[in-house]
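# Remarks on the overall topology
The lines below spell out each chain.
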There are 2 protein chains.
Amino acid sequence: MQAHAYLAVDVIVMTVEGGELVGLLVKVGGGPFAGRWAFPGGLVGLGESLEEAARRELNAQTGLHDLYLEQLCTFGDPERDPRARVVSTAYFALVRSRETVLAAAKYTAVRWLPMRRLPRLAYDHNEMARVALERLRAKLEYTNIVYNLLPPEFTLGELQEVYEIILDRSLDRRNFRKKILTTGLLRGLRKQRRGAHRPATLYAFTRRSPMAVEML
Amino acid sequence: MQAHAYLAVDVIVMTVEGGELVGLLVKVGGGPFAGRWAFPGGLVGLGESLEEAARRELNAQTGLHDLYLEQLCTFGDPERDPRARVVSTAYFALVRSRETVLAAAKYTAVRWLPMRRLPRLAYDHNEMARVALERLRAKLEYTNIVYNLLPPEFTLGELQEVYEIILDRSLDRRNFRKKILTTGLLRGLRKQRRGAHRPATLYAFTRRSPMAVEML
């Protein structure tokens, strides 16, 4: 007997602000999880690809558009929704600031919540959050994934701060600088920022589109 | 109008042999793609998770069991199957040798074909192959993904050969050695293999289970 299922998509949008990694959640309006928080998402339409559905639902529920969405994982446990077999393909994205979220069209509430202290979410969304955080942390090691979290020009100290917030641990300053500069993900700008401390060299990402390290 | 779909899984099993990266394909027995090659897979059963279905189909069609399957990507284009909406979650795995494939229970033929010179496959399986190869190549840079392709003890020359076959380009020997030894993925065994050439130090993977580089 073969499973006929509803297709769903969910989108995990994260940013770093106030020294924390936060994720965008919406309050579920009805059904068995009414009142709980969940990542924005919904059912895929006929004739719609999974990514098209993810973009449509994200826009309708949060006002966000034109994000680079990366497919995270598909969650297909038969018990994940008590009403029917619903398989959900999760996408994730990083945005520059929580202020980019404009409107909450569909749900009663949209809120940024800290990814490391999420309440009990609807469906298997706590598991989605865990997988998203794991993927994000892994990608820090070998991609420029955080380019959306930083301005076009930044100091290595600012970059390290973003890394430390996501990894939830402090990094050795000298080792971080040495490692990150060997990756080829950054380029030095030959200019400095003057502040209260000694001048700091400014850097930019080699590309502000997805790029992975090529060590070999 | 919401999409109700069939759930499918496909499994891309690859190995390196005879200087080539090869993938395991089965001949499709019926339907619009009869006679074409495809990665082993099939429809998900009621009450079965996606990974359970992938293991069951792989075993039934090729005799392979107990592989470490990693979820690759879910393919959900509405047009990917002309008969119905079928969404397929693809998994991939590497095996030590093509000889581990024991039996072809369901399909008329099971064959290893070179991943870089695949014929026109059924469904969107050429696209699956492209995504699998891209993922595999990316993972060479920052994980021990090839541990299944090598014996417990190997020389850096043997490891480099596997990398070169998968990347389809030659690597500078000194640079490869330097980079791979900084990853922490390998440990030196303090013993050497004697052969026609000068003795070569033997290495093993730090772990023979999935492990990613932690540079920071």
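So, how was this worked out
Residues numbered from 1 in each chain as written. Chains lettered and ligands numbered in written order. Predicted model: local features only at pLDDT ≥ 70, side-chain atom pairs only at ≥ 80, totals over all residues. Heavy atoms only, no water. Helix = DSSP H or I, 4+ residues; strand = E, 2+ residues; numbered from the N terminus. Buried < 20%, exposed > 50% of the residue type's maximum accessible area, 1.4 Å probe, protein only. Areas by Shrake-Rupley, 256 points an atom, 1.4 Å probe, with all protein chains shown as cover. Lys, Arg positive; Asp, Glu negative; His and termini not counted. Charge placed at Lys NZ, Arg CZ, Asp CG, Glu CD. Axes fitted to C-alpha atoms, helices over the stretch in contact; angles between N-to-C directions. Parallel < 35°, antiparallel > 145°, perpendicular 65-115°, else oblique. Contact = heavy atoms within 4.5 Å. Nonpolar A, V, L, I, M, F, W, Y, C, P; charged D, E, K, R; others polar. pLDDT = per-residue confidence, 0-100. Buried area = accessible area lost by both parts, 1.4 Å probe. Salt bridge = Lys/Arg side-chain N within 4 Å of Asp/Glu carboxyl O. Polar contact = N/O pair within 3.5 Å; in protein donor to acceptor, adjacent residues only side chain to side chain. Pairing = 2+ DSSP bridges. Least-squares fit on C-alpha atoms with pLDDT ≥ 70 in both. Left-handed = near helix turned anticlockwise from the far one by under 90°.

### As for the overall build of chain A
In terms of helices and strands, chain A carries 4 helices and 10 strands. Scanning chain A from its N terminus toward the C terminus, one meets helices and strands in the order β-β-β-β-α-β-β-β-α-β-α-α-β-β. Within chain A, the fraction of its 216 residues that count as buried is 54%. Surface exposure of chain A reaches about 10200 Å², of which carbon and sulfur atoms provide 47%. Across chain A, the 32 positively charged side chains and the 24 negatively charged ones have centroids separated by 7 Å.

### Here's the deal with the packing of helix 3 (residues 156–167) of chain A against helix 4 (residues 173–182) of chain A
Residue and element names in this part refer to chain A. The interhelical angle for the contact between helix 3 and helix 4, taken along N-to-C directions, is 100°, at an axis separation of 11 Å. Relative to helix 4, the element helix 3 lies roughly perpendicular. Contacts from L156, G157, L159, Q160 and Y163 in helix 3 reach R173, F176, R177, I180 and L181 in helix 4. Broken down by class, the residue content of the contact of helix 3 with helix 4 amounts to 6 nonpolar, 2 polar and 2 charged.

### Considering the confidence of the model for chain A
Looking at chain A, pLDDT values average 91 and 95% of them are 70 or higher. Taken over the whole predicted complex, pTM reads 0.93, whereas the ipTM for its chain interfaces reads 0.90.

### Observations concerning the environment of L189 of chain B
Residue and element names in this part refer to chain B. Structurally, the position occupied by L189 is in strand 9 (residues 186–193). Considered as a pair, L189 and I165 are 24 residues apart in the sequence and their alpha carbons are 25 Å apart. What L189 contacts, discounting residues up to four positions off in sequence, is E153, L202, Y203 and A204.

### Overview of the interface of chain B and chain A
Taken residue by residue, the interface counts 36 residues in chain B and 36 residues in chain A. For the pair chain B and chain A, the two sides together bury roughly 3600 Å², of which 62% comes from carbon and sulfur. Sorting the residues of chain B by area buried against chain A places H4, M215 and L216 of chain B first, and these three jointly supply 21% of that buried surface. Summed over the shared surface of chain B and chain A, the number is 0 salt bridges. Counting the contacts that link chain B with chain A gives 12 residue pairs in polar contact (both at pLDDT 80 or more). Of all the secondary-structure elements, those providing two or more residues to the side of chain B that touches chain A are strand 1 (4–17), strand 5 (70–75), strand 6 (86–94) and helix 4 (173–182) of chain B.

### Side note on the sheet that holds strand 8 (residues 154–155) of chain A
Residues and elements named next belong to chain A. Pairing within the open sheet is antiparallel, and its 3 strands lie in the order 8-10-9. Pairing within the sheet leaves two strands with one partner each, and these edge strands are strand 8 and strand 9 (186–193). Bridging between strand 8 and strand 10 (residues 200–205) involves 2 bridges; their strand directions are antiparallel. Following the sheet pairing, T155 is matched in strand 10 by L202.

### Quick notes on the relation of the copies chain B and chain A
Between the two copies of the chain lies a relationship made up of a rotation around an axis and a movement along it. Here chain B sits on chain A after a turn of 180° about the axis and a move of 0.0 Å along it, with an RMSD of 0.0 Å. One copy is carried onto the other by what is essentially a two-fold rotation axis. Ranked by how close their C-alpha atoms come to the rotation axis, the residues of chain B are headed by A5 of chain B, at 2.7 Å. Take the interface residues of chain B: 100% of them recur as interface residues in chain A, which is what a same-surface contact looks like.

### A closer look at the packing of helix 2 (residues 125–140) of chain B against helix 3 (residues 156–167) of chain B
All names here are of chain B. As a packed pair, helix 2 and helix 3 sit with axes 10 Å apart at the nearest point and diverge in direction by 145°. Along this stretch, helix 2 crosses helix 3, giving a crossing that reads as left-handed. In this structure, helix 2 contributes L133, L136, R137 and L140 to the contact, and helix 3 contributes Y163, I166 and L167. Across the contact of helix 2 with helix 3, the residue classes tally to 6 nonpolar, no polar and 1 charged.

### Description of the sheet that holds strand 9 of chain B
Residue and element names in this part refer to chain B. Strands sit in the order 8-10-9 across an open sheet of 3 strands; the sheet is antiparallel. Each edge of the open sheet carries a strand with a single partner, namely strand 8 (154–155) and strand 9. In the sheet, strand 9 pairs with strand 10 (residues 200–205) via 5 bridges, with the strands oriented antiparallel. Across the sheet, G188 pairs through a bridge with Y203, a residue of strand 10.

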